[in-house]
Each structure stands twice: as C-alpha cells, then as structure tokens.
Amino acid sequence: MTSATAQPETPGSPQFSTSLERGDSPLTPPRLIATDLDGTLLRDDKTVSPRTVAALAAAEKAGIEVFFVTGRPARWMDVVSDHVHGHGLAICGNGAAVVDLHGGPGAHRFVKVRELARQNALDAVRLLRDAAPGTVYAVEQTYGFHQEPAYPKLHMEIPDVRAQAEDLLAPDGAAAAEPVLKILAHHPELDPDAFLTLARLAIGTCANVTRSSPSALLEISGPDVSKASTLALCCAERGISHEEVVAFGDMPNDIEMLTWAGRSYAMGNAHPDVLAAASGHTVANNEDGVAVMIEQMLAQRP
C-alpha cells in the first residue's frame, strides 16, 4: 500500500496526459471523484498535503462528491476522516465495506458490508496453501484483526487472536459472529506479481485476489467484491453514471476501478499495469498528482 518503484513524472513529460490532450471528444463533467489513498492521495509519509486538502474542498464546493476508495480497513481511516465533507462515506477493504466516517476516530459506522463467505475463505486458504507452500495468513473482520503465528509484523497493530487460518475461519472460530472482510496472504520468497498470478489461477472463482503492497502480500475478498463493484453500487444509489466518475490509483487493486470510471489517472509512481490501464497519467503522489488534476478539472468547468 505504498508507492511502486516507477519513476515520478512531471507535467512536461510525454507520459503526463489527459484525455483532452490526446484529442478525445469533450469530457463529461465529473460528478464524483474516486481516489485511492496510499501511494495516490497520501504522500509517502502518510499525510494529506495542504494543497490536496484545498483541492478536495474545492471539488466538494463545486458540487463534485469525493469518495476515498482504499484497501485500508476502517480503523486506519483516521488520517482522512476530517476530509470527507458532506456524505462522510469511504469505501474500505477493497470494496468489502462502505463506512460512514462522521464522528471521527473510533466512531466509524458500517453502512454496507460485502463479506467473504467463510467457506469461500477456507477454500481459498486451502487452494493457495497447496499452490504456494509457505504462505501465511491474516484475517480482517469488521471489528477484528487476527493472524497466524508465523505471519510477519507487517501492520502497526497487535492481532486480537493468533491461530491458524483454518481455525480462525471455522464456524465456531474465535470471532465467528463477525463478517470476514478479506484475507491477507503473505509469502516470504515469491515475487509479488508472480504470487498474484499464481494465486488467481489457484483460487479461481471462489474469491477475488488482488494486491496493493510492493511486497508479496495479497488481499482476498468475496468473488464479486472489488473497489469498482462497490463504487458502482454507491454511484447507482446516487444516479451517477460511470462516465461521470474520475478515478485515481497506483496499484493492481485499483485497475478495475480505473477501467470502470469514465476518466481515470494513474499516478506517476504507479505499477506498470496501472499505467497501462488508466486513460490518463498524472504526477506522483509526493508531487500531489491528485490535486494537480482536480485543479485542472475545476479550471475547465464553465
């Protein structure tokens, strides 16, 4: 969930582009901005720059809704809780939950939960263990985080329970009453992209597999759950078409959202597959690439 290693781009470089600059037809005025957080809206030090704060506020003032769409769990959303403005909603866990951030830290409310069925989760764990021996797991739930004893210290928190994934996911497991949002799968040796390809082939249709980390850490959600599918549900509830959405991202878990949106921008620091999927490019997260494009969009409005 940090920046990839691609070289930052600048507005003057040939790779920095918008749809208008490439000679496309006039753009549909945006009604909603959907932006990833880590490696996209946030700088590498996990802060929101003053320029970006001002751009988000200007977009909301112009009547454009801003949705944060992230792989982060709800409990990690405090960094942007002050910037959600009117609707107060964020899409977390790669689409597994829509969360109302009003009320500030500790007061987040789940508005929509798209859980990973426990049997699907157990099947995914078994299939990936067979395909990639040495894989270790953690389990994200609405209000809990659990991990296997061998899972590395990748997150700045202490797990609620340490146990094998099969035990955590059992019908009578440690937190059986709470929905499972996603499974985290880590491999200590495999190349991250190779691990993702292997996992998708092994798990098949029983779960959706993606990644947002530069390490070999995969995120496993329900079969139809993604940033794009949950964003589409939220837009449908508001009568907003995909042509009226502008999306920003940097990692493979953003690709479906970037291809679904009418207009999309890959960050200058994005993964190569993201650069290929987006309809335009902006500068890196540390150069406030989201703010740059919001400012340009607002300047083009009549």
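It should be noted that the structure appears before, not after, this text.
Read on for an overview of the structure. Computed from a predicted model, the values in this text were never measured in an experiment.

### Quick look at helix H3 (residues 118-131)
Along an α-helix, residues three or four apart share an orientation, since each turn contains 3.6 residues. The terminal C-alpha atoms of H3, which comprises 14 residues, lie 20 Å apart, in line with the 20 Å expected from a rise of 1.5 Å per residue. Residues of H3 that are buried include every one of Arg118, Ala121, Ala124, Val125 and Leu128, and no others. Looking down the long axis of H3, one finds its buried residues gathered within 120° of arc, a one-sided arrangement. Packing partners of the buried residues in H3 comprise strand S6 (136-141), helix H4 (165-168), strand S9 (180-186), helix H5 (192-203) and strand S11 (217-221).

### What to know about the packing of aromatic side chains
Within this structure, the stated rule accounts for two aromatic pairs. Ring centres of phenylalanine 110 and tyrosine 143 lie 5.1 Å apart, and the angle between their planes is 80°; on these two criteria the pair is classed as edge-to-face. Taken together, the residues phenylalanine 110 in strand S5 (residues 109-113) and tyrosine 143 in the loop between S6 and strand S7 (145-147) connect sequence positions 33 residues apart. Here phenylalanine 248 and tyrosine 265 contribute two aromatic rings whose centre-to-centre distance is 5.5 Å and whose plane-to-plane angle is 25°, an arrangement assigned as stacked. Taken together, the residues span a long stretch of sequence, with phenylalanine 248 in strand S12 (residues 245-249) and tyrosine 265 in strand S13 (residues 263-266) at a distance of 17 residues. Like tyrosine 265, phenylalanine 248 is buried.

### A short note on the pattern of salt bridges
Under the defined criterion, the tally for this structure stands at 18 salt bridges. Measuring nitrogen to oxygen at the nearest pair gives 2.8 Å for the salt bridge that ties arginine 75 to glutamate 157. Of this pair, arginine 75 sits in the loop between strand S2 (65-69) and strand S3 (89-92) while glutamate 157 sits in the loop between S7 and strand S8 (161-162), placing them 82 residues apart in sequence. Taking relative accessible area as the criterion, arginine 75 reaches 31% and is therefore assigned partly exposed. Each of Glu65, Lys112, Glu237 and Arg238 takes part in one network of salt bridges that share partners.

Each value, and the rule that gives it
- Residues numbered from 1 in each chain as written.
- Predicted model: local features only at pLDDT ≥ 70, side-chain atom pairs only at ≥ 80, totals over all residues.
- Heavy atoms only, no water.
- Helix = DSSP H or I, 4+ residues; strand = E, 2+ residues; numbered from the N terminus.
- Expected span 1.5 Å × (residues − 1).
- Buried < 20%, exposed > 50% of the residue type's maximum accessible area, 1.4 Å probe, protein only.
- Arc of directions from axis to C-beta.
- Contact = heavy atoms within 4.5 Å.
- Phe/Tyr/Trp six-rings, centres within 6.5 Å; stacked < 30°, edge-to-face > 60°.
- Salt bridge = Lys/Arg side-chain N within 4 Å of Asp/Glu carboxyl O.

Honestly, that's just the spatial picture; any functional story needs more than this.
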